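Read off the chains here:
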Amino acid sequence: MERTLVKDIQAHEGKEIMLSGWIHRIRDLGGVTFIILRDRSGRCQIVTNEAMELTQETVVRAYGKVCANDKAPGGYELALDHFDVLGPAAAELPFPVNGDPSKVGIELTLDQRMISLRNPQILSIFRLQASLVQYFAEYLRGRDFTEIKSSKMIGTGTEGGTSVFSVEYFDRKVFLAQSPQFYKQAMVSSGLERVFEIGHAYRAEKHETSRHINEYVSLDVEMGFIESEMDIIKLERGLLAYIFDRVNENNREDMEAWGATCPTGDQVLKAPVISHDEAKQIIRDKLDRRVFEISPEGERALCAWSEEEHGTPLVFVNEFPRRKRPFYTYPKGTKTMSFDLLFRGLEITTGGRRINEYAMLKETLPRFGMTEEQLGGYGDIFKYGCPPHGGFAIGLERLTQKIMGLGNIKECSLFPRDRKRVTP
RNA sequence: GGAGGCGUAGCGAAGCUGGUUAUCGCGCCGGCCUGUCAAGCCGGAGAUCGCGGGUUCGAUCCCCGUCGCUUCCGCCA
């Protein structure tokens, strides 16, 4: 007999069908037992008069007849004929699969990741995340961007101040890529002009906060033939507006699991662009004290300001000072053609125009205490003709976290890696 | 790396100005129950109160140390 998905049972009313899934909940009333079965499409009720030994999370095939019943959740239920047990489950689960995950500490949730991921509410985070990846790629492919996959093992050191992990590579050491920055620039220059990459990035920072993990997914974009960072901001506005519209269309259920809401595409288009100096002034006014840097508290203040003044929880900050940006950032006086995007109080993107002329790059290096040798092959991208270009990267887990309104980024990583955790 | 908070049963918590059987809810085990929706009712098992030391007649409670977790900060996506 062919399998029927839980979401389709009403179409089989009166017929014998077979469902496959996990025993989500058992309500044994003595003479009658109600069993909730869960599969990838949802949950439905199975009813039986027979007493049976069954544990939660046992994987079964359930044979029976679909009956309409007002008292059944969803209006239909399966009158059970019999179960085939495909995968028995031990009693006493290490994590409440059918409970409210917000009542459980994050430590247990992550220690028991293999089981906590079964929780439908937790799983909804990753359904949404998968959708974000899909929409991101959809939008870019539709605009002539080519997807690339670059190596995460790099032979030469670092591109910025961030520390990198080193790993053994036969008889020497290599580093885990902190971003695909140079490779995506190389691919712009190679003639693809427009590229994007979805891949892991590694940061060896010893930070321990609710917004950092040491391995994260970076949604990277790079594009040739631009004038300034404003072209990149425009691209990201359109991209995020598309992603958010699609989320609001297709991911309602995922968001409802957490009582979350996603901004509209229109709100993304309304996001203001303010300079780094303006941003500091706004924070100064809001917090009523002197401000020298945009701190996390300042980021929250900026988003609150944007919400009040522009009706959007997003704000672009551009014209960062040169010393706050990596050496390859295109200068503009003492400032740079670069930007951050803040969303609901958190930085989710850094981007900007990059230096595309070898002479300018060479001139810039000493300011960062670097030499041409340290560039390795990077310099060749520009030595032999490279179009003006730029791009940005979105932190996938951060974006997920902010849409879902979750307190800790680790909840948005399937198997998070932090200072202490490398398992499961 | 710095600052704060928290470690009590499988999970989430209460407790104690220091007093001898450490409490509650969920879960688990057993019993009753034919329409449940976090089912209900009855019963039961389950805790060296993170670890080490100190103060005290007596410490889960106070003090010191240590380990773990967590939040915030620095830095970043």
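The rules behind these values
Residues numbered from 1 in each chain as written. Chains lettered and ligands numbered in written order. Predicted model: local features only at pLDDT ≥ 70, side-chain atom pairs only at ≥ 80, totals over all residues. Heavy atoms only, no water. Domains from an automatic or database assignment. Pairing = 2+ DSSP bridges. Helix = DSSP H or I, 4+ residues; strand = E, 2+ residues; numbered from the N terminus. Contact = heavy atoms within 4.5 Å. Axes fitted to C-alpha atoms, helices over the stretch in contact; angles between N-to-C directions. Buried < 20%, exposed > 50% of the residue type's maximum accessible area, 1.4 Å probe, protein only. Near = heavy atom within 4 Å. Polar contact = N/O pair within 3.5 Å; in protein donor to acceptor, adjacent residues only side chain to side chain. Nonpolar A, V, L, I, M, F, W, Y, C, P; charged D, E, K, R; others polar. Phe/Tyr/Trp six-rings, centres within 6.5 Å; stacked < 30°, edge-to-face > 60°. Lys NZ or Arg CZ within 6 Å of the ring centre and 35° of its normal. Core = buried A, V, L, I, M, F, W, Y, C linked by side-chain atoms within 4.5 Å. Patch = residues over 30% accessible without salt bridge, like charges linked within 9 Å, V, L, I, M, F, W, Y side chains within 5 Å. Areas by Shrake-Rupley, 256 points an atom, 1.4 Å probe, with all protein chains shown as cover. Salt bridge = Lys/Arg side-chain N within 4 Å of Asp/Glu carboxyl O.

*Asks:* How do you make sense of the domain arrangement of chain A when you look at a structure like this?
*Replies:* Interfaces are frequently sized by the accessible area removed from exposure as the parts join. You can read the domains of chain A as domain 1 (3-87) and domain 2 (113-412). Distance from the C-alpha centre of domain 1 to the C-alpha centre of domain 2: 45 Å.

*Asks:* Sorry, what's going on with the sheet that holds strand E17 (residues 338-343) here?
*Replies:* Hydrogen bonding along the main chain pairs the strands of a sheet, whether they run parallel or antiparallel. Taken in spatial order, the 8 strands of this open sheet run E7-E11-E12-E19-E18-E17-E14-E13, and their pairing is mixed. Because the sheet does not close on itself, it has two edges, and the strands there are strand E7 (146-147) and strand E13 (273-275). The strands touched by helix H3 (residues 120-141) are E7, strand E11 (194-202) and strand E12 (215-224); relative to E11, the strand with the most contacts, the crossing angle is about 155°.

*Asks:* Help me understand the environment of His 82, please; the structure alone is not making it clear to me.
*Replies:* Along the chain, His 82 falls in strand E6 (residues 76-87). Its relative accessible area of 33% is what places His 82 among the partly exposed residues. Sequence separation between His 82 and Gly 64 is 18 residues; the distance between their C-alpha atoms is 6.9 Å. Here His 82 is in contact with Arg 61, Ala 62 and Tyr 63, once residues within four sequence places are set aside.

*Asks:* Just checking my understanding: could you explain the protein's contact with RNA strand B for this structure?
*Replies:* Neighbouring residues of RNA strand B: 44 residues in total, closest Arg 25, Arg 27, Lys 71, Glu 77 and Arg 211. The separation between a phosphate oxygen of RNA strand B and a polar side-chain atom of Arg 25 is 3.2 Å. Measuring from a base oxygen of RNA strand B, one finds a side-chain N or O atom of Arg 398 at 2.8 Å. For the surface near RNA strand B, the secondary structure elements donating two or more residues are strand E2 (16-28), helix H1 (106-111), helix H9 (296-310) and strand E18 (346-354). A per-element tally of the surface near RNA strand B places E18 first, with 4 residues. Here the surface near RNA strand B is built from residues that sort into 12 nonpolar, 13 polar and 19 charged.

*Asks:* Hey, could you run me through the packing of aromatic side chains in this one?
*Replies:* Each aromatic ring pair is described using two quantities: the centre-to-centre distance and the angle formed by the ring planes. Throughout the structure, instances matching the rule amount to 12 aromatic pairs. Centre to centre, the rings of Phe 182 and Phe 327 are 6.4 Å apart; their planes meet at 55°, and the pair counts as tilted. Here Phe 182 is found in helix H4 (residues 181-192), whereas its partner Phe 327 is found in the loop between strand E14 (314-318) and strand E15 (331-332), with 145 residues between them in sequence. Summarising the aromatic geometry, the rings of Phe 327 and Tyr 378 are spaced 6.1 Å apart at their centres and angled 90° between planes, so their arrangement reads as edge-to-face. Here Tyr 378 lies in the loop between helix H10 (358-364) and helix H11 (380-383) and Phe 327 lies in the loop between E14 and E15, a separation of 51 residues in the sequence. The pair formed by Phe 327 and Tyr 378 is uniform in burial state, with each residue classed as buried. Taken together, the ring pairs in this structure connect Phe 182, Phe 327, Tyr 328, Phe 368, Tyr 378 and Phe 382 into an aromatic cluster. Between Arg 325 and the ring centre of Phe 320, over which it is positioned, the NZ or CZ distance is 3.8 Å.

*Asks:* Explain the nonpolar core here, please?
*Replies:* When a protein is soluble and globular, its nonpolar side chains tend to lie buried together. Counting 52 residues, the largest nonpolar core has Phe 136, Leu 240, Ile 243, Phe 244, Leu 399 and Ile 403 as its most contacted members. Every element with two or more residues in this core is listed here: H3, E11, E12, helix H5 (229-250), E14, E17, strand E19 (389-395) and helix H12 (396-404). Considering each element in turn, this core owes the most residues, 10 residues, to H3. When neighbours within four sequence positions are excluded, Phe 136 is seen to be in contact with Phe 196, Ile 198, Leu 219, Asp 220, Val 221, Leu 239 and Ile 243. Counting 16 residues, the second largest nonpolar core, distinct from the first, contains Ile 17, Leu 19, Ile 35 and Ala 62.

*Asks:* What is the right way to read a nonpolar patch on the surface from this model?
*Replies:* Together, Met 114, Leu 414 and Phe 415 line one region of the surface with nonpolar side chains, adding up to about 270 Å² of accessible area. Leu 414 sits in the partly exposed class, given a relative accessible area of 39%.

*Asks:* Looking at this model, I keep getting lost on the pattern of salt bridges. Mind explaining?
*Replies:* Opposite charge on two side chains permits pairing when their charged atoms draw close. Overall, the coordinates contain 24 salt bridges when judged by the stated rule. The salt bridge involving Arg 246 is made with Glu 249; its shortest N-O contact spans 3.7 Å. Of this pair, Arg 246 and Glu 249 both sit in helix H5, 3 residues apart, which is roughly one turn of that helix. Its relative accessible area of 18% is what places Arg 246 among the buried residues.

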